[in-house]
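# Secondary and tertiary structure notes
One letter stands for each residue in the lines below.
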Amino acid sequence: MHMPTILLTGATGYIGSHTWLALLAAGYGVVGVDNFSNSSPEVLARLRRLAGSEPAFERVDVCDASAVERVFATRAIDAVVHFAAFKAVGESSAQPLPYYRNNIGGLVTVCEAMQRHRCKTLVFSSSATVYGRPQHLPIREDAALSSTNPYGATKLMSETILRDLQAADA
C-alpha cells in the first residue's frame, strides 16, 4: 500500500518538527520546507538523529511561487500540512505588512501550487485568535469570528480563503 507523501511547510519549527516525526512514525513520506525565519537548520540534525534517516528537506520560502512550484514539480505530493506563518501577536501589531505578506501570501502561493498539481488535501494551522475576545470559555468552534490584531486577522482571512476555495471546488 502506498502511503501518501505530505508536504510539511514550516517543517523545522517547534510544531512542524514534532509533526514531522509523528507523520514518519505513522508511515507517511514527508517533504519538509522552511526558510528558517522562525527556526534553525540545527533542527534537521535532530530530526535525522530521532528519525534514523536523512530528512527530505528543501530550504523554501512559501511566498516564493517558483520555489514552491519546483517542490510540487519534482516530488509526488499527496497532501499539505501548512504551518509556515509568522506567529507573534505583538510583533504583528508593530509590523503588520510582513505578517500579511507571509501568512496570507504564503497560503495563497501554496494553494495555487496545490491547484496546479491537483492536490486537494490540506491541513491548515489556524489559531484561537480568530475568535477575538470570546464571549464564553471554553471557546466553541461555532463561536463568532473576529480578530483583535494583525496576526489574528491573517488567520481569519486564511480561513475565509480556504472556505471560499472549498466552496468553489464543490
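See above for the structure.
I will try to describe carefully the structure that is included in this document. This is a predicted model, so every value here is computed, not measured.

### Side note on the packing of helix α1 (residues 14-25) against helix α2 (residues 42-51)
One way to put it is that α1 packs onto α2 with a least axis distance of 11 Å and a crossing angle of 25°. With respect to each other, α1 and α2 are oriented roughly parallel. Between α1 and α2 lies a crossing of right-handed hand. Contacts between α1 and α2 involve Ser17, Trp20, Leu21 and Leu24 from the former and Val43, Leu44, Leu47, Leu50 and Ala51 from the latter.

### Thoughts on the environment of Ala56
Counting through the fold element by element, Ala56 comes out in strand β3 (residues 56-59). The sequence separation of Ala56 and Gly10 amounts to 46 residues, and the corresponding C-alpha distance is 13 Å. In contact with Ala56, other than residues within four places in its own chain, are Trp20, Val30, Val31, Gly32 and Arg75.

### Some thoughts on the nonpolar core
Inside soluble globular proteins, nonpolar side chains tend to come together where they are buried. If you look at the biggest cluster of nonpolar residues, it comprises 16 residues, and the most contacted ones within it are Leu7, Phe72, Ile77 and Val80. Of all the elements in the fold, those that place two or more residues in this core are β2 (29-34), α3 (65-74) and α5 (96-116). The dominant element in this core, judged by the number of residues it contributes, is α3, at four residues. When near neighbours in sequence (up to four residues on either side) are disregarded, Leu7 contacts Val31, Val33, Val71, Phe72, Ile77, Ala79, Val80 and Val81.

### Observations concerning the packing of aromatic side chains
Overall, the coordinates contain two aromatic pairs when judged by the stated rule. Pairing Phe86 with Tyr99 gives two aromatic rings, centres 5.4 Å apart and planes at 65°, and the pair type is edge-to-face. Linking Phe86 in the loop between β4 (79-82) and α4 (89-94) with Tyr99 in helix α5, this pair joins segments that are 13 residues apart in sequence. Each member of the pair Phe86 and Tyr99 is classed as buried.

### Things to note about the pattern of salt bridges
With the rule as written, the count across this model stands at six salt bridges. Linking Glu58 and Arg75 is a salt bridge whose minimum nitrogen-to-oxygen distance equals 3.0 Å. Of this pair, Glu58 sits in strand β3 while Arg75 sits in the loop between α3 and β4, placing them 17 residues apart in sequence. Under the relative-accessibility criterion, Glu58 is labelled partly exposed at 22%. Take Arg75: its relative accessible area is 29%, and that puts it in the partly exposed class. Notably, a salt bridge pairs Arg116 with Glu69, separated by 2.9 Å at the nearest N-O pair. Pair noted here: Arg116 is in helix α5 and Glu69 is in helix α3, with a separation of 47 residues, a long-range link. Overall, the relative accessible area of 45% leaves Arg116 in the partly exposed class.

Rules behind the numbers
- Residues numbered from 1 in each chain as written.
- Predicted model: local features only at pLDDT ≥ 70, side-chain atom pairs only at ≥ 80, totals over all residues.
- Heavy atoms only, no water.
- Axes fitted to C-alpha atoms, helices over the stretch in contact; angles between N-to-C directions.
- Helix = DSSP H or I, 4+ residues; strand = E, 2+ residues; numbered from the N terminus.
- Parallel < 35°, antiparallel > 145°, perpendicular 65-115°, else oblique.
- Left-handed = near helix turned anticlockwise from the far one by under 90°.
- Contact = heavy atoms within 4.5 Å.
- Core = buried A, V, L, I, M, F, W, Y, C linked by side-chain atoms within 4.5 Å.
- Buried < 20%, exposed > 50% of the residue type's maximum accessible area, 1.4 Å probe, protein only.
- Phe/Tyr/Trp six-rings, centres within 6.5 Å; stacked < 30°, edge-to-face > 60°.
- Salt bridge = Lys/Arg side-chain N within 4 Å of Asp/Glu carboxyl O.

From the geometry alone we can't say anything about function, so treat these as descriptive.
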